[in-house]
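# Examining the three-dimensional arrangement
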Amino acid sequence: MTRILVATVLLSLSVVWAGCATTHDGSGGTVWVGKGLPAGMDESALEQAASAEAARAAAQVWAVAGDVHEVGARLAFTFWVERGALTLVAYEASGREGPAGRPVDSDTAFDSLRTVFEAYAKQRTGEVRLALRRQESGWAVDYESGSHAQRPLEAKSLPVRWEGTLAPTREAQTEGLARLLRAVSVPAGGAARVEVEARLEDGRVEGWELKGYQVTRPGARDEPRAVSETVHAEAVKVLLPFMEGLGPRAVRLELVLVHREDAVRAGGWVEGARVVRASPPDGLDADAVAEYRALHEDILRRWREGVHEGFAWLAQRGVEELALWYVGGVLAKGAGFLAVRGGGIVLKALRQGKEAAAGWLRTMLTRLSGGEKRTFERLWAKAQLEGEKALSGGERQELRALMARIEGLASTPLTTDEKNVLRGQARQFYKSQNRHLISVMDSRPEDWPVHHRRPLQYAHLFPAEDINAAKNLAMVEVSVHRRISSLWDRFRQARPQATADDVLRTADIIDGRFQPWYHQVVPAPPSAKAVEAAEKAALDALKRLFPGIE
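Small disclaimer: the values here were computed from a predicted structure and weren't measured.

This paragraph deals with the overall build of the protein. Per the secondary structure count, the protein includes 16 helices and 16 strands. Residue burial in the protein is summarised as follows: out of 550 residues, 50% are buried. Entry remark: accessible area of the protein is about 25,500 Å², with carbon and sulfur atoms responsible for 50%.

Structure follows, in structure tokens:
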């Protein structure tokens, strides 16, 4: 164990690292070797962000410890550490009833804590525990890791180059706690324990709830005492570093309240705080949520580093990424406020898994006008980054109106212009999924069309499915495509009011005869005789199924 004496602060650093996605360096520590850096961040930017993160964590820890004066008091902060990112997952305090010690130099203490975070947090991954013990004129600090920690869902994977407090202000977000504590009293000369829970969404407090109250020492029969504002202030300081995490979760705080003789109000302290994680919904696509969280963290990191820069960057994201972000928000958080009266297509479509849901949303967004799409992106970004409560009544209605518009469009036949746009998108998407076919498709695009197994004309019969999904697309040689199109023309004439079942059965028949030519590049055009035979066989089957087809 290395001992470092810095003025009045004694640092005992005991580091035994264990984590995931790591390898050992020559000194016995562990170095992170996992995911690469996102676009726009290089090693220099990572270093700067890690330094800012270390300074912020040191300030947050000292904000709590700096107000603890009892000799023998012990404070423990448990962080998940990853590439310099620090996410608090638990806090404990004990020994808070001892005599007061001498003042501690705050600047020296802060610099020492910052040195600890910077020296050990930048290149390691895992759970670490920072334990502080109050001495007569300083703090002793032990810094060590847990051995079998699992990565928390709320953990950041990248540090944030940001200084200051989270927006909106701390006071606005913790007023709910102040109201709860104003409703609590302590017997004169007695003591009590209180449990409160803060519901968090990213760096926002969405609400507070009183979870428990118990008198632990009855005291006198005098009038009960109200709780001092100092208890609220300490609880806020303990909560603040928890707010750096990601996604929905709760933080439960356990408060000890004590009324001392002759005091006007009851004092107290936070004895413990921990993250309470909700169980994920049944059937959740874990890969989709993980991918969404990574994208959401990247967006949120930029948002925290600078609001204007974050929104500008978000506006430059491709449709693919934005669709994944929207869908991931619904998968991970429910987003029930998107539901519209009398409809269920939107939520059904967005809950069917990453690829299917993101593809459906990409397709539906192309059907909105430019202004509608920009409004949707702006409102959804605000709801994701600032919380649903940040939406005004008018904005909430506007977003729901757009969801209702999408709901209606999903069941409405495509226009000619929409079909043309979707054909172009289908071709680009197909090439992205079949890169080995790109060269031939680009060299002779007119000879290699992309076929919709279920035609665009019938997209409205399958409102919750993406007509441009990979499973519905197949590249075929142009002469084969003409034969397939001829069969669908005959079907349309015979069944002008076709049902979804009619379309599915027809697609199955055509696929059964023409599938050998799907996704295939051949040096010479397919045999005309073979293609004609496939067409005749498919037509005979359709005639038996749908009398009246010529």
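Okay, back to it.
The next thing to look at is the environment of L181. You can see L181 is positioned in helix α3 (residues 170-182). On the basis of relative accessible area, L181 is assigned to the buried category, the value being 5%. Linking L181 and V194, residues 13 residues apart in sequence, is a C-alpha distance of 9.1 Å. Residue contacts for L181: discarding those within four places in its chain leaves V227, V231, H232 and L255.

To continue, consider the nonpolar core. Ranked by size, the top nonpolar core spans 57 residues in total, and within it L75, F77, Y91, F117, L130, L132 and L253 carry the most contacts. One finds A349, A357, W360 and A464 within the second-largest nonpolar core, a separate group that totals 40 residues.

A few words on helix α9 (residues 354-367). Taking 1.5 Å per residue, 14 residues should reach 20 Å; α9 reaches 20 Å between its end C-alpha atoms and fits that length. Within α9, eleven of the 14 residues are buried, which leaves it mostly tucked inside the rest of the structure. Every buried residue belonging to α9 is among K354, A357, A358, G359, W360, L361, R362, T363, M364, L365 and R367, and all of these are buried.

Another point: the packing of α9 against helix α11 (residues 393-410). Describing two packed helices takes the angle between their axes plus the distance from one axis to the other. Where α9 contacts α11, the two axes come as close as 10 Å, and the packing angle between them is 100°. With respect to their mutual orientation, α9 and α11 come out roughly perpendicular. The residues of α11 that touch α9, namely those facing W360, M364 and R367, are R405, I406, L409 and A410.

Our focus in this paragraph is helix α14 (residues 478-494). The end-to-end C-alpha distance of α14 is 25 Å, a good match for the 24 Å that 17 residues give at a rise of 1.5 Å each. Taken as a whole, α14 has its buried residues at V478, V480, H481, I484, L487, W488 and F491. Against β15 (450-452), α15 (500-514) and α16 (528-545) lie the buried residues of α14.

Moving on, we get to unusual backbone geometry. With phi around 50°, R83 is a residue other than glycine that occupies positive phi space. For R83, the location among the structural elements is in the loop between β5 (74-82) and β6 (85-94). In this structure, D202 is a non-glycine residue whose phi angle is positive, near 55°.

In this section: the pairing of strand β13 (residues 248-258). Looking down a regular strand, the side chains alternate between one sheet face and the other. Counted residue by residue, β13 has nine buried out of eleven residues, so it is predominantly covered. Taken together, the eleven bridges between strand β10 (residues 191-201) and β13 define a ladder with antiparallel strand orientation. Bridge assignment links V196 to a residue of β13, and that residue is L253. Pairing between β13 and strand β14 (residues 267-276): nine bridges, direction antiparallel. Note that in β14 the partner of R252 across the bridge is R274.

Bridge count between β10 and strand β11 (residues 204-217): eleven bridges; the pairing is antiparallel. Of the residues in β11, the one forming a bridge with A191 is R217. A loop of two residues connects β10 with β11, the two strands running antiparallel in sequence, and D202 in this loop sits at a positive phi of about 55°.

In this section: the environment of P248. On the secondary structure map, P248 appears in strand β13. Residue P248 is classed as partly exposed on the basis of its relative accessible area of 34%. Sequence separation of P248 and V205 is 43 residues, and the distance between their C-alpha atoms is 10.0 Å.

With that settled, consider the pattern of salt bridges. By the definition in use, this model includes 40 salt bridges. Residue R151 is joined to E82 by a salt bridge in which the shortest nitrogen-to-oxygen separation is 2.9 Å. Remark: E82 occurs in strand β5 and R151 occurs in the loop between β8 (139-145) and α3; sequence separation between them is 69 residues. R151 gets classed as partly exposed once you look at its relative accessible area, which sits at 32%. According to the relative accessible area criterion, E82 is buried, its value standing at 3%. Between D202 and R204 there is a salt bridge, and its shortest N-O distance comes to 4.0 Å. Note on accessibility: D202 and R204 belong to one class, buried. Through salt bridges that share partners, R161, D298, R301, R302 and E305 make up one connected network.

Glancing now at the packing of aromatic side chains. Aromatic ring pairs: the centre-centre distance and the angle between the two ring planes describe each pair. Here the structure, examined in full by the defined rule, presents eight aromatic pairs. A ring pair is formed by Y458 and F491, whose centres lie 6.0 Å apart and whose planes are at 75°; its orientation type is edge-to-face. Of this pair, Y458 sits in the loop between β15 and β16 (473-475) while F491 sits in helix α14, placing them 33 residues apart in sequence. Each member of the pair, Y458 as well as F491, carries the same accessibility label: buried.

What follows deals with the packing of helix α10 (residues 370-386) against α11. Running from N to C, α10 and α11 point in directions that differ by 125°, and their axes come no closer than 10 Å. In this view, α10 runs oblique relative to α11, as classed from their interaxial angle. The two elements α10 and α11 meet at a crossing, and its hand is left-handed. Two secondary-structure elements touch here, α10 through E372, T375, F376, R378, L379 and K382 and α11 through E395, E398, L399, L402, M403, R405 and I406. Considered class by class, the residues forming the contact of α10 with α11 number six nonpolar, one polar and six charged.

This part takes up the confidence of the model for the protein. Of all residues in the protein, 85% attain a pLDDT of 70 or more, and the chain-wide mean is 84. Across residues 1-34 the pLDDT falls below 50, and counting only partners more than four positions away or on other chains, this stretch makes 85 contacts in the model.

Now for the environment of A85. Note on placement: A85 falls in strand β6. Separated by 36 residues in the primary sequence, A85 and A121 place their C-alpha atoms 7.6 Å from one another. When residues no more than four places from it in sequence are discounted, the contact partners of A85 are E53, W80, K156, S157, L158 and P159.

Calculation notes
Residues numbered from 1 in each chain as written. Predicted model: local features only at pLDDT ≥ 70, side-chain atom pairs only at ≥ 80, totals over all residues. Heavy atoms only, no water. Helix = DSSP H or I, 4+ residues; strand = E, 2+ residues; numbered from the N terminus. Buried < 20%, exposed > 50% of the residue type's maximum accessible area, 1.4 Å probe, protein only. Areas by Shrake-Rupley, 256 points an atom, 1.4 Å probe, with all protein chains shown as cover. Contact = heavy atoms within 4.5 Å. Core = buried A, V, L, I, M, F, W, Y, C linked by side-chain atoms within 4.5 Å. Expected span 1.5 Å × (residues − 1). Axes fitted to C-alpha atoms, helices over the stretch in contact; angles between N-to-C directions. Parallel < 35°, antiparallel > 145°, perpendicular 65-115°, else oblique. Pairing = 2+ DSSP bridges. Salt bridge = Lys/Arg side-chain N within 4 Å of Asp/Glu carboxyl O. Phe/Tyr/Trp six-rings, centres within 6.5 Å; stacked < 30°, edge-to-face > 60°. Left-handed = near helix turned anticlockwise from the far one by under 90°. Nonpolar A, V, L, I, M, F, W, Y, C, P; charged D, E, K, R; others polar. pLDDT = per-residue confidence, 0-100.

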